[in-house]
Amino acid sequence: MTLKDVSANKIFGGWNIQKSHTSEVLGCDMRFAVYLPPQASKDNKVPALYWLSGLTCTDENFMHKAGAQRMAAELGIAIIAPDTSPRGDDVPNDEAYDLGQGAGFYVNATQEPWNKHFHMYDYITQELPTLIEANFPVSGLKSISGHSMGGHGALTIALRNPDMFKSVSAFAPISNPTNCPWGKKAFTAYLGDDQNTWAAHDTVELIKKAEKHIPAKVDQGAADNFLAAQLGIDALIETAKACGYPMEINIHEGYDHSYFFMASFIEEHLKFHAKHLSV
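Residues numbered from 1 in each chain as written. Predicted model: local features only at pLDDT ≥ 70, side-chain atom pairs only at ≥ 80, totals over all residues. Heavy atoms only, no water.

Asker: Help me out: how do you make sense of the packing of aromatic side chains in this one?
Answerer: By convention here, two paired aromatic rings are described through the distance between centres and the angle between planes. What the rule picks out here adds up to 13 aromatic pairs. Pairing Trp 114 with Tyr 190 gives two aromatic rings, centres 5.5 Å apart and planes at 85°, and the pair type is edge-to-face. On the criterion of sequence distance, the pair formed by Trp 114 in the loop between strand S5 (78-82) and helix H3 (120-135) and Tyr 190 in helix H5 (residues 181-191) is long-range, its members being 76 residues apart. Taking relative accessible area as the criterion, Trp 114 reaches 7% and is therefore assigned buried. With 5.9 Å between their ring centres and 65° between their planes, Phe 187 and Trp 198 make a pair best called edge-to-face. Linking Phe 187 in helix H5 with Trp 198 in the loop between H5 and helix H6 (203-209), this pair joins segments that are 11 residues apart in sequence. Across the pair, exposure class does not vary: Phe 187 and Trp 198 are buried alike. Each member of the aromatic cluster is reached from another via a ring pair, and the members are Trp 51, Phe 62, Phe 171, Tyr 255, Phe 261 and Phe 265. Cation over ring: Arg 160 sits above Tyr 121, and NZ or CZ is 4.4 Å from the ring centre. (Phe/Tyr/Trp six-rings, centres within 6.5 Å; stacked < 30°, edge-to-face > 60°. Helix = DSSP H or I, 4+ residues; strand = E, 2+ residues; numbered from the N terminus. Buried < 20%, exposed > 50% of the residue type's maximum accessible area, 1.4 Å probe, protein only. Lys NZ or Arg CZ within 6 Å of the ring centre and 35° of its normal.)

Asker: Looking at this structure, I do not really get the pattern of salt bridges. What am I missing?
Answerer: Side chains bearing opposite charge may pair, as long as their charged atoms lie close to each other. Across all of its chains, the model carries 12 salt bridges by this definition. Close ionic contact of Glu 133 with Lys 142 constitutes a salt bridge, the shortest N to O distance being 3.0 Å. The class of Glu 133 is partly exposed, set by a relative accessible area of 29%. Connected via shared salt-bridge partners are Arg 31, Asp 59 and Glu 60. (Salt bridge = Lys/Arg side-chain N within 4 Å of Asp/Glu carboxyl O.)

Asker: I would appreciate a short explanation of unusual backbone geometry in the present structure.
Answerer: Trans peptide bonds make up the majority, and among non-glycine residues the majority have a negative phi. Cis geometry is found at the peptide bond from Glu 112 to Pro 113, where omega equals -5°. Considering the arrangement of structural elements, one finds Pro 113 in the loop between S5 and H3. Positive phi is not limited to glycine here, since Phe 12 has a value of about 50°. Inspection of the secondary structure puts Phe 12 in the loop between strand S1 (4-11) and strand S2 (14-23).

Asker: Looking at this model, I keep getting lost on helix H9 (residues 259-276). Mind explaining?
Answerer: Along an α-helix, residues three or four apart share an orientation, since each turn contains 3.6 residues. Helix length check: H9 (18 residues) gives 25 Å between terminal C-alpha atoms against 26 Å at 1.5 Å per residue, within 8%. Of all bends in H9, the biggest is about 50°, found at Phe 265. Within H9, the full set of buried residues consists of Tyr 259, Phe 261, Met 262, Phe 265, Ile 266, His 269, Leu 270, Phe 272, His 273 and Ala 274. Positive phi shows up at Ser 278, right after H9, with a value of about 60°. (Expected span 1.5 Å × (residues − 1). Bend = angle between axes of the 7 residues up to and from the residue.)

Asker: How should the pairing of strand S6 (residues 138-147) be read in this particular structure?
Answerer: Within a regular strand, the side chains alternate between the two sheet faces. The buried fraction of S6 is high, at eight of 10 residues. Of the strand pairs in this sheet, strand S4 (residues 46-52) and S6 are connected by six bridges, and their pairing is parallel. Directly across from Val 46, in S6, lies its bridge partner Val 138. Bridging between S6 and strand S7 (residues 168-171) involves four bridges; their strand directions are parallel. Directly across from Gly 146, in S7, lies its bridge partner Ala 170. (Pairing = 2+ DSSP bridges.)

Asker: Is there a simple way to explain helix H8 (residues 233-243) in this structure?
Answerer: Burial in H8 covers these residues: Ile 233, Leu 236, Thr 239 and Ala 240. Buried residues in H8, looked at end-on, bunch into an arc of 130°, giving them a common side. The exposed set on the far side of H8, more than 90 degrees from its buried face, consists of Asp 234, Glu 238, Lys 241 and Ala 242. The secondary structure elements touched by the buried residues of H8 are H6, strand S8 (216-221), helix H7 (227-231) and strand S9 (247-252). Among the residues trailing H8, Gly 244 stands out with phi positive, at a value near 65°. (Arc of directions from axis to C-beta. Contact = heavy atoms within 4.5 Å.)

Here it is as structure tokens:
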């Protein structure tokens, strides 16, 4: 698969790189970002943290705003940041920000017109890791994290693939999408009216059925304006406790839903993942 250069910037001794490629899974051109720490080389493959961003974001938001590269360079961890959905003139879209391009929800759509392109679950779990490991000095060791819609994606993908990831974390995740407006809207559009199919993409429901646990960490701002209506953190706390799932959940007073919140705690998340990536 041919990769095209988009940009490359040196930072903290490593390189922040953007590439584009034609995705067979999504049927469109896709862009992603990679941070390679200074330790990465042909003879020294490093572990990787996959970062999934939230609604309206691209591959750039996290790399530009979270301030993750300094600690990633210190720890020797690569960061992989894909886009949040397929894009292009031929890709279906919606006028609202919470559906369509920029709002893939990390599922495989089964309903028209979305089912031709919106296969973000397969892209994140199959095509992208294969592409990354074939073209960059990263090992097969990987963890996953994300914010909001991306936090939902990280948690659900990790819970469904516990042998693929060494650890998972999330900032302000949409934890119980089957019971919130964002989730109901997206799942109805992408997956259809049969709500039995939705549970496979709901962290709270997946925890109830989890047979294998992986280390998990969640941070939530108490001043998040989406907390009450959309994020379902209370359901996540209650379910993880009831099921004995080893998930560290922290509530932070005064913090909102923005990248200021993520920038404040991203280094803690990187250190958390480093322990489990055996760095």
